[in-house]
Amino acid sequence: MNLNDLLAAYLAERLVQPATAQQFRAVLRLWQQDVGLAEIEQITKSDLLRWRDLILGRASPTTWNNYLRHLRVLGNYGCQEGLVAGNPFASVRFVRVPKVPPKAIPLSTVAEALTALEQDTVACQPGWFWAAVVGVLYTTGIRRRQLVGLRWRDVDFAQKRMTLRADTSKTRMQWTIPLREDSLLFLNRVREQTEGRIGPLAAQDARQVFNVTLFNPRYRGGALTEMKVSGFFRRLSEKLGQPISSHKLRHTFASQLAPHGDLKALQTLLGHTDVRTTLGYVTSDLQ
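Criteria and cut-off values
Residues numbered from 1 in each chain as written. Predicted model: local features only at pLDDT ≥ 70, side-chain atom pairs only at ≥ 80, totals over all residues. Heavy atoms only, no water. Helix = DSSP H or I, 4+ residues; strand = E, 2+ residues; numbered from the N terminus. Buried < 20%, exposed > 50% of the residue type's maximum accessible area, 1.4 Å probe, protein only. Contact = heavy atoms within 4.5 Å. Areas by Shrake-Rupley, 256 points an atom, 1.4 Å probe, with all protein chains shown as cover. Lys, Arg positive; Asp, Glu negative; His and termini not counted. Charge placed at Lys NZ, Arg CZ, Asp CG, Glu CD. 1 Å grid on protein atoms, 1.4 Å probe; cavity = no way out; pocket = protein on both sides within 12 Å on 5 of 7 lines; lining within 4 Å. Points joined across faces, edges and corners; volume = space filled by probe spheres on them. Nonpolar A, V, L, I, M, F, W, Y, C, P; charged D, E, K, R; others polar. Polar contact = N/O pair within 3.5 Å; in protein donor to acceptor, adjacent residues only side chain to side chain. Pairing = 2+ DSSP bridges. Phe/Tyr/Trp six-rings, centres within 6.5 Å; stacked < 30°, edge-to-face > 60°. Lys NZ or Arg CZ within 6 Å of the ring centre and 35° of its normal. Expected span 1.5 Å × (residues − 1). Arc of directions from axis to C-beta.

Draft legend 1. Structural view of the overall build of the chain. Each helix and strand counted, the chain has twelve helices and three strands in total. Along the first, second and third principal axes, the C-alpha atoms of the chain reach 60 × 40 × 40 Å. A buried classification covers 44% of the 287 residues belonging to the chain. Considering only intrachain contacts with a sequence separation of at least 6, the fraction spanning at least 24 residues in the chain is 61%. Accessible surface, the chain as shown: approximately 14,800 Å² in total, 51% of it carbon and sulfur. Charged side chains in the chain number 38 positive and 24 negative. The centres of these two groups are separated by 2 Å.

Draft legend 2. Quick peek at the layout of surface pockets. In this model, the second largest pocket occupies a volume close to 200 Å³. Those elements that provide at least two residues to the lining of the second largest pocket are strand 1 (155-156), strand 2 (161-164) and helix 8 (181-198). It is strand 2 that contributes the most residues to the lining of the second largest pocket, three residues altogether. Residues that form the lining of the second largest pocket fall into these classes: seven nonpolar, two polar and six charged.

Draft legend 3. Up close: the side chain of Q17. When you line up the elements, Q17 lands in the loop between helix 1 (3-14) and helix 2 (18-34). At a separation of 2.7 Å, a polar atom in the side chain of Q17 contacts the main-chain carbonyl oxygen of S169.

Draft legend 4. Up close: the pairing of strand 2. Only one face of strand 2 is covered, namely the one carrying M162 and L164; the face carrying R161 and T163 has none of its residues buried. Pairing of strand 1 with strand 2, which is carried by two bridges, proceeds in the antiparallel orientation. The residue of strand 2 that forms the bridge with V155 is M162. With antiparallel pairing between neighbouring strands as the criterion, strand 1 and strand 2 make up a hairpin whose turn holds four residues, including K160 at a positive phi of roughly 55 degrees. Sheet topology note: the strand 2/strand 3 (residues 175-178) ladder contains four bridges and is antiparallel. Across the sheet, T163 pairs through a bridge with T176, a residue of strand 3.

Draft legend 5. Local environment of the packing of aromatic side chains. On inspection of all chains with the given rule, the structure shows 15 aromatic pairs. Arranged with centres 4.9 Å apart and planes meeting at 75 degrees, the rings of W128 and F215 form a pair that is edge-to-face. Here the residue W128 occupies a position in helix 6 (residues 127-140), and F215 occupies one in the loop between helix 8 and helix 9 (226-240), the gap between them amounting to 87 residues. The class for W128 is buried, based on a relative accessible area of 15%. Residue classification places F215 among the buried positions, given a relative accessible area of 12%. These aromatic residues form a ring-pair network of at least three members: W128, F129, W130, F210, F215, Y219, F232 and F233. Above the ring of F94, the side-chain terminus of R69 is found at 5.2 Å from the ring centroid. Across the ring face of F157, the terminal group of R191 is positioned such that the distance to the ring centre comes to 3.8 Å.

Draft legend 6. Local environment of the environment of L224. With respect to the helices, strands and loops of the structure, L224 is situated in the loop between helix 8 and helix 9. Considered as a pair, L224 and L147 are 77 residues apart in the sequence and their alpha carbons are 9.3 Å apart. Those residues in contact with L224 that sit more than four places away from it in its chain are W130, L147, V148, Q208, F210, N211, V212 and V229.

Draft legend 7. Fine view of the environment of E181. Looking at the secondary structure, you find E181 in helix 8. For E181, a relative accessible area of 47% gives the class partly exposed. For the pair E181 and T63, spaced 118 residues apart in the sequence, the C-alpha separation amounts to 38 Å.

Draft legend 8. Structural context of the environment of L201. Mapped onto the elements of the fold, L201 is located in the loop between helix 8 and helix 9. Note: C-alpha distance between L201 and R153 (48 residues apart in sequence) is 9.3 Å. Dropping the residues within four chain positions of it, L201 is found in contact with W152, R191, T194, E195 and R207.

Draft legend 9. Representation of helix 1. Across its twelve residues, helix 1 extends 16 Å between first and last C-alpha, which sits within 8% of the 16 Å expected from 1.5 Å per residue. Here helix 1 has its buried residues at L3, L6, L7, Y10 and L11. For helix 1, the angular spread of buried residues about the axis comes to 130 degrees, placing them on one side. In the core, the buried residues of helix 1 are packed alongside helix 2 and helix 4 (61-80). In this structure N2 caps helix 1, since a side-chain oxygen of it lies 2.7 Å from the backbone nitrogen of N4. At the C-terminal side of helix 1, L15 shows a positive phi close to 50 degrees.

Draft legend 10. Main features of the sheet that holds strand 2. Read across the open sheet, the three strands follow the order 1-2-3; overall the sheet is antiparallel. Each edge of the sheet is formed by a strand with only one pairing partner; in this case those strands are strand 1 and strand 3.

Draft legend 11. Layout of the side chain of D47. Structurally, the position occupied by D47 is in helix 3 (residues 45-56). Excluding residues that lie within four positions of it along the chain, D47 makes contacts with W31, L37 and Q42.

Read these as spatial facts, not as claims about activity.
If you want it as structure tokens, here you go:
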């Protein structure tokens with residue numbers, strides 16, 4: 001059974017989200033580039049161990065575990081459907097990942113980032129737009145994927161709430177979160193600038209909220225993408241001399257809110273299915 005055919009069958013039946021399908025394809029491409037074996041029956045434990053060592057020589061144990069997890073899912077699916085006789089990817093183990101400190105960043109770093117962006121003239125243009133991106137991520141705790149997928153019809157300014165749709169959710173759930181006043185300030189700024197470019201926005205407007213291509217011709221494709229967000233945070237980290245990312249802002253949001261509220265409510269805001277995941281987002285000292 002060819003791995004690409006197996007993946008095609010899996011995706012056709014399971015209807016996973018586009019980002020998940022893209023990750024499966026990326027893992028298979030990397031496997032075939034490094035190892036060159038496409039037929040699952042030809043794959044041996046030795047092949048996998050060599051590939052593991054190759055990956056660990058250039059990436060982290062977490063990356064290897066992620067690759068192996070995707071390949072195991074495919075192998076298990078093939079076995080369940082009778083498409084393959086066995087799952088060779090189950091013959092090797094995940095690598096133990098050292099426990100790392102929580103990923104929250106000091107509140108002073110968030111403030112420094114917002115100030116730097118408002119004053120920026122070169123690296124992160126337009127500064128006001130990216131300041132709004134940082135501000136909304138920091139004050140709502142939403143994921144990068146949810147920020148990119150946000151549409152104007154998802155934001156209810158009158159009721160001060162935002163709908164996070166299932167198609168942008170990692171857990172395939174849809175839920176609504178309240179918007180703080182500072183969140184609304186950032187969103188209103190983007191709305192005013194957007195309407196200045198394309199005219200008034202209707203209540204059910206399906207266009208992207210954070211469309212950087214409206215404000216900087218260097219960005220192509222007509223929409224903000226997750227890759228563009230990651231590129232921005234790389235430039236911002238270089239500018240600040242310290243790491244900052246959308247995921248770190250999500251951890252910071254959780255850590256800031258946890259001491260002042262119900263952990264179950266925080267779990268709901270973050271969209272976690274298990275409160276233990278929420279606990280992993282919380283650190284006690286944000287300075």
